[in-house]
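In case you want the letters, here they are:
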Amino acid sequence: MTQTAFDRFWELIFGAIALNPKAFESIQILPQGFRVALFTVLLAGFSQAFGQGIVLFVNRVKPIRFLLSLAIASVLFAFSVLFWGLSTWFVSWLFFDASTPYETVWSLLGLAYAPMIFSFLVALPYFGVPINVILSIWTLLAFEVGLHAVLHVSVWRAFWCAALGWVVLQILQRTIGKPIGAIGVWLSNTVAGKKLVTDMRGIENLLQTRGQTLFRIYPTTNTLDNRDHRK
């Protein structure tokens, strides 16, 4: 019986995390490799959404909508990765004359997102931002290893393909991609059932306001403390 990429899913995942070129070579050979890459990205997206779930919690999103919001965030995350793969493929075709199918580039990128499965750790106080930076760099290095191993290009060419592809993606997101981003925000708000406050200052204001509200509703502790102090 022929093995599929799903049969060796965790082997491929840990191979990508270890920056093992054989993992990226295998996902090109094994059946259902593209699906495994997509599943890896969705899993990474769900992990990141879960780590950032404090935003949904602070906004008091209902449990069912909370889970749906995580699922939608995972799908939107996958779309961003798809576009990074597309921009990388375009850069490789434009500057390096690489006649590589888009499916090959994206499956390498999808598997390269294996380190981002641990992105739920961004919820850790103080360590969240450094962990996110490390995982992002790790993903970029894994993508470079995959391009180098499968496309048989030099390390520097693989690096520039991935890096320039990312730069093109950032430019597109800030120009013609703004309407698409607005649709993503609208979809997230619709699923959550309210307009989400996502900026740090807004979240701090919400926490402060709700803290004051709780104090007004339950002031008994402070009152009793004051009475005891007077005695």
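Up top you'll find the structure we're talking about.
Values in this document were obtained by computation on a predicted structure and should not be read as measured data. (Residues numbered from 1 in each chain as written. Predicted model: local features only at pLDDT ≥ 70, side-chain atom pairs only at ≥ 80, totals over all residues. Heavy atoms only, no water.)

**Thoughts on the packing of helix H2 (residues 21–29) against helix H6 (residues 102–112)**
In step 1: Direction vectors running N to C along H2 and H6 enclose 130°, while the axes themselves pass 10 Å from each other. Here H6 runs oblique to H2, going by the angle between their axes. Two packed elements cross with a definite hand, and for H2 against H6 that hand is right-handed. For the pair H2 and H6, the contacting residues are Ala23, Phe24, Ile27 and Gln28 in the first and Thr104, Ser107, Leu108, Leu111 and Ala112 in the second.
In step 2: In terms of residue class, the contact of H2 with H6 is made up of six nonpolar, three polar and no charged. (Axes fitted to C-alpha atoms, helices over the stretch in contact; angles between N-to-C directions. Helix = DSSP H or I, 4+ residues; strand = E, 2+ residues; numbered from the N terminus. Parallel < 35°, antiparallel > 145°, perpendicular 65-115°, else oblique. Left-handed = near helix turned anticlockwise from the far one by under 90°. Contact = heavy atoms within 4.5 Å. Nonpolar A, V, L, I, M, F, W, Y, C, P; charged D, E, K, R; others polar.)

**Things to note about the side chain of Thr88**
In step 1: Residue position: Thr88 is located in helix H5 (residues 63–95).
In step 2: The buried category is assigned to Thr88, whose relative accessible area is 2%. (Buried < 20%, exposed > 50% of the residue type's maximum accessible area, 1.4 Å probe, protein only.)

**Quick notes on helix H1 (residues 9–17)**
In step 1: Those residues of H1 lying buried are Phe9, Leu12, Ile13, Gly15, Ala16 and Ile17.
In step 2: Contacts made by the buried residues of H1 are with H2, helix H3 (33–51), H6 and helix H7 (128–151).
In step 3: Phi turns positive one or two residues past the end of H1, at Leu19, with a value near 60°.

**Some words on the packing of aromatic side chains**
In step 1: Applying the stated rule across the entire model yields eleven aromatic pairs.
In step 2: Where Trp156 meets Phe159, the ring centres are 5.9 Å apart and the plane angle is 85°; that geometry is what we call edge-to-face. Of the two residues, Trp156 and Phe159 both sit in helix H8 (residues 155–173), three residues apart, roughly one turn of that helix.
In step 3: Grouping aromatic residues by their ring pairs yields a cluster made of Phe6, Phe9, Trp10, Phe14 and Phe39. (Phe/Tyr/Trp six-rings, centres within 6.5 Å; stacked < 30°, edge-to-face > 60°.)

**A short note on the side chain of Ser69**
In step 1: Mapping Ser69 onto the fold places it in helix H5.
In step 2: Ignoring sequence-local partners within four residues, the contact set of Ser69 consists of Leu56, Val61, Val191 and Ala192.

**Thoughts on a nonpolar patch on the surface**
In step 1: On the surface, Phe46, Phe50, Phe118 and Phe120 cluster together into a nonpolar patch covering about 380 Å² of accessible area.
In step 2: As for its position among the elements, Phe118 is in the loop between H6 and H7. (Patch = residues over 30% accessible without salt bridge, like charges linked within 9 Å, V, L, I, M, F, W, Y side chains within 5 Å. Areas by Shrake-Rupley, 256 points an atom, 1.4 Å probe, with all protein chains shown as cover. Salt bridge = Lys/Arg side-chain N within 4 Å of Asp/Glu carboxyl O.)

**Observations concerning unusual backbone geometry**
In step 1: Its identity is not glycine, yet Leu19 carries a phi of approximately 60°, on the positive side.
In step 2: Its place among the elements puts Leu19 in the loop between H1 and H2.
In step 3: A residue is classified by how much of its surface remains accessible, and Leu19, at 28% relative accessible area, is partly exposed.
In step 4: In the Ramachandran plot, Gln32 falls in the positive-phi region, its phi being about 65° despite a non-glycine side chain.
In step 5: Along the chain, the position of Gln32 falls in the loop between H2 and H3.
In step 6: For Gln32, a relative accessible area of 34% corresponds to the partly exposed category.

**Description of the nonpolar core**
In step 1: Within the largest apolar cluster, 39 residues are counted, with the highest numbers of intra-cluster contacts made by Phe24, Leu111, Tyr113 and Phe143.
In step 2: Sorting the residues of this core by element identifies H1, H2, H3, H5, H6, H7 and H8 as the ones contributing at least two each.
In step 3: In contact with Tyr113, other than residues within four places in its own chain, are Thr40, Val41, Ala44, Phe77, Val81, Trp84 and Thr139. (Core = buried A, V, L, I, M, F, W, Y, C linked by side-chain atoms within 4.5 Å.)

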